[in-house]
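# Per-entry structural report
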Amino acid sequence: MSSENFLDGQLPRCTAIQSEALPPARSFSYSSRQDLGQTNIFEELPKATIVHVSRPDAGDISPMLLSYTIEFQYKQFKWRLLKRASQVIYLHFSLKKREIVEEFYEKQEQVKEWLQSLGVGDQTAVVEDEPDDETFPSAYDESAKNRYIPPSAALPIIRPALGRQQAIADRAKIAMQAYINHFLVNLHIANSREVCKFLEVSKLSFSQEYGPKLKEDFVMVEHLSNIQRDTADRNCLPCFWFGCCDEKWQKVWAVLKPGFLALLEDPFGTKLLDIIIFNVLPISNKDGEGCAFIANELKDHNPLRYAFSVSCGSRTIKLRTTSSSRVREWVAAINDAGQRHPEGWCHPHRFGSFAPPRGLTEDGSQAQWFVDGQAAFEAIASSIEDAQSEIFMTGWWVCPELYLRRPFSNHASSRLDALLEAKAKKGVQIYILLYKEVSIALKINSAYSKKRLLLIHENVKVLRYPDHIATGIYLWSHHEKLVIVDHRICFIGGLDLCFGRYDTNEHKVGDCPSLLWPGKDYYNPRESEPSSWEDTMRDELERQKYPRMPWHDVHCALWGPPCYDVARHFVQRWNYAKRNKAPKETRIPLLMPQNYMVIPRYMGRSPEIGIDREKVTINSNNFIRQDYFFSQSPSQDIPLLVPQEALLNASNDDKKLNGLDMSYNFLNKPNGVFRSLSSSLRKTKVEPLAPDMQMKGFVDDMDLQNEMDVDVPKTDKWWETQEQGYQFVPGDEIGQVGPRISCHCQVVRSVSQWSAGTSGTEESIHSAYCSLIDRAEHFIYIENQFFLSGLSGDEFIQNRVSEALYRRIIRAHKEQRCFRVIIVLPLIPGFQGGLDDGGAATVRAIMHWQYRTICRGKNSILHNLRDLLGPKTDDYISFYGLRSYGRLFDGGPVATSQVYVHSKLMIIDDRAAVIGSSNINDRSLLGSRDSEIGVLIEDRECLQSSMNGLPWLAGKFTLSLRLSLWAEHLGLHAEKVNQIADPIADTTYKDQWLETAKKNTAIYQDVFGCIPNDLLCTRAALRQSMSYWKEKLGGQVSIDLGIAPQKLESYQNGETKFIDPMEKLKCVRGHLVSFPLEFMREEDLRPVFNEGEFYASPQVFH
């Protein structure tokens, strides 16, 4: 079968495949009577054109040997079929048989009704009026007309023809066209099973959300033992000798789409029996070229068996068909669909990712950032409320009782389980993937979450994975945080939908009485982890004594093709978990990924955005660990995309301040830069998706004249329009929402066989991090929960983010160029236990590996840089944390806590950003351990800014995100945001960033003596400090010394004065503090033999 085409059309939202409830068939044995209960495939008549006529031997005049290439078109879909004359004649006899049987059946029904009208026979039907004599004949005539095909219609096809070869072909073409027109001018006949099988169509053929129509037909499969077979269709005559109809083999309808091969129970239904989703295949030879095939022909000793296999990821299925030619057709079609370069899903893309870069043309790729939980949770809640078809959700931890809007007492309907219940009752299908934790190590109680979620409604399906004993996976987790609604919008980043994550940019440490954080949502894992999550409204911490741990995070929303790529990842994971956890559970369905065509990776293959496929190497440990930065590395051919469009008029110099173009509306509003950001994004209109023009030249006979007419649903959400006058971000809480703008986007992830069923390990997040660092021109800004990485030659830690930073800084020093690396981390790991407690070995172990990465020992980046650069090292790289303070209640004690940095963010040169779930450690980056997902966003729209005092085109998305973060960390008001527009100038880096961190750190040390700090280098000093503060405070201390005395002593002019600690804390600006590099420097923090962590693999901690 030749290439078939898909003319782009409207993309429906629905993806979930559900069985259709068919009306009960009438009691008649002939199979075609089921057509009366089935829904039609064709809503309008398809068109057919005979393109070509051929025969195997030019000298053979037998018309039965002719083959016809027929092109069909239905709505936006085109496909071609190669049919022999014998197949057409078989169709003709099938239609005549159908006509005869239906005629007999209708006459039987007429006689029955006539007898009933006379009072003879079955008396259940009472006829009140005398029937019209003409009723039955007219109905019969209409019915007969619906199925009538003249008996002689097929004669011209089989009539011998003499003459020149071209004349014979022309006459045969005319005869075949005339015959096909007999059943393609009648919708009733076109929707019959006989014709639909001949046309190779099914209910999925013209579902636009799954892509173009490719090959379809009946095949036999062995592994689907749950299909009930008709006892009358058990065996054929040759089975006695050959056993060709083994009862283990089942007849199914196979549907090939660009991204998958689906097996349906029936072409007229949508019950999905199995699916093979195409994914990146491993390299097939030692030279690193070529990849394995998806489909391969199989040889069988039985001459009546024609089989082929389909393999992708960890699965292989075996299928049979009726002839060797059909086997070859299937093998060619499947390999072409999945592996046609470069748009096939089986080819690796930039960074070795399964997903291609999106947004290279106007394809609708858009992104929007959210800082901290308040803004992200509001957007997620609004999207769930707007769901029409389905919701996908996965997380490391999901709490059904989480309120997505606060104050919670005013938003009872915003509780996650309530939101899901409201949508499930309206028919929205909800699929939730939970990480199944090792209960003795983690207390997130996913079993309770699953139980609560399943009680919501039957439309909520939940899976927990992995099964630790069955899979042998105990150390690794599913760490993605995703919400995908209707394939229209997805949310990706660091925020789980669980307790403790909701926060504002104020990062309050207290909430008494409870307004924002009810019950166990008032959360501080440093103090205590709840032993049970079932009574969620009961407080775990005493609010009058202990601060909560504020939570800083970054999340992102995606629209367009990147959203489809994220959904594809979810579907892969869901199906893999379903097969392993609930293979025979009919309530848990398999899912099919909606299709957005894989585009040619780099349009035009220009130097700016080009890469040679021959240089792509994936899943090579040597490449990632050792050869990454050599010239042979494929990453050297992968550019950081530079913004090309300067959307603002830069001619008005009076509108620029310190290099920042103030003409852009989100930077020149008097009531706040970041509130204006929210306003600007509300003005953004939803633009229709553009045609998938990247496919031009790669799909045969693509009719691009018929452009895609995609209707994007109109919305009135706060991040899309302004006309409603609704403002989500209050005036006193600014800087949490970014503009929704068009970007270059590429989804990257960490997965392997255990986590997603892939055939190889994908570590595209790791590759993206290293490549972006290597190509950074001026500065790198990182926020992450962990920073555990290794330099070249490190035998323990394998990821090379630290090595990439080290090499980039050395290069900048050699070139004598200003280059900054700023890294913001948690001050202390967010696990329970005081640093000197016996039960805090995990905390100490993580600190050991993190300090080993940063500043201690020959494998640390600062140690190696200082050997070469000396004191200048601090001009290139520095580390920071975040801290907040406040009263626990009115008149109560003043408390402080670290602001737990949980974001997984890297910003490069104000032009590119990576946002996702991945930490900087081996667990997240190697691919074979925790599963992760993220997105690389490269700006297309630009702003005039500055870099080290020189003009610089900064990306709108990335610049606005950095300004929001830095303004929050530095405590800057909107009118002063221009002071940090240039990220590496001394006026920003030294006068603002360094100075603020030093002053804040000193104030917190004077008021609280909080832990960690640079004065405590030994555990003995730590114990002494704890004893001093306990005595001073009368025993009321938090685990990290976060409670201030009621009065502070100060000495001025020889006199002792007592002041309120809040007076001194008023000098704190923002939340930025220095990272304590000297803390516990004289201690070995690794677990000792009498601690359980001593016997755990070190890989658990890094």
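Just above sits the structure.
The notes below deal with the structure included here.

Reading guide: rules and limits
- Residues numbered from 1 in each chain as written.
- Predicted model: local features only at pLDDT ≥ 70, side-chain atom pairs only at ≥ 80, totals over all residues.
- Heavy atoms only, no water.
- Core = buried A, V, L, I, M, F, W, Y, C linked by side-chain atoms within 4.5 Å.
- Buried < 20%, exposed > 50% of the residue type's maximum accessible area, 1.4 Å probe, protein only.
- Contact = heavy atoms within 4.5 Å.
- Helix = DSSP H or I, 4+ residues; strand = E, 2+ residues; numbered from the N terminus.
- Expected span 1.5 Å × (residues − 1).
- Phe/Tyr/Trp six-rings, centres within 6.5 Å; stacked < 30°, edge-to-face > 60°.
- Lys NZ or Arg CZ within 6 Å of the ring centre and 35° of its normal.
- Pairing = 2+ DSSP bridges.

### Section: the nonpolar core
In terms of nonpolar packing, the biggest core is built from 128 residues, with Leu420, Ile780 and Leu805 touching the most fellow members. In contact with Ile780, not counting residues within four places along its chain, are Ile773, Leu805, Phe819, Arg820, Val821, Ile822, Met906, Ile907 and Ile908. Among the nonpolar cores identified, the runner-up in size contains 107 residues, and Trp253, Leu261, Ala295 and Ile484 belong to it.

### Some points on helix α17 (residues 764-775)
In this model α17 runs 16 Å from its N-terminal to its C-terminal C-alpha over 12 residues, within 8% of the 16 Å that 1.5 Å per residue would give. Extensive coverage of α17 is indicated by the burial of 11 of its 12 residues. All of the buried residues in α17 are Ser764, Ile765, His766, Ser767, Ala768, Tyr769, Cys770, Ser771, Leu772, Ile773 and Asp774.

### Considering the packing of aromatic side chains
What the rule picks out here adds up to 30 aromatic pairs. Taking 5.0 Å as the distance between ring centres and 80° as the angle between the ring planes, the aromatic pair formed by Phe42 and Tyr74 counts as edge-to-face. Linking Phe42 in the loop between β1 (5-6) and β2 (47-54) with Tyr74 in strand β3 (residues 67-74), this pair joins segments that are 32 residues apart in sequence. A residue is classified by how much of its surface remains accessible, and Phe42, at 1% relative accessible area, is buried. Judged by its relative accessible area of 2%, Tyr74 falls in the buried class. Of the aromatic side chains, those joined through ring pairs into one cluster are Phe42, Phe72, Tyr74, Phe77, Trp79 and Phe206. Positioned over the ring face of Phe198 is Lys83, at 4.8 Å from the centre of the ring. A cation over a ring is seen here: Lys215 above Trp330, with NZ or CZ 5.2 Å from the ring centre.

### Brief notes about the pairing of strand β8 (residues 272-277)
Buried residues dominate β8, accounting for six of its six residues. Judged from the five bridges that link them, strand β7 (residues 260-264) and β8 form a sheet pairing that is antiparallel. Note that in β8 the partner of Leu264 across the bridge is Leu272.

Note that all results are geometric; they support no functional claim without further evidence.
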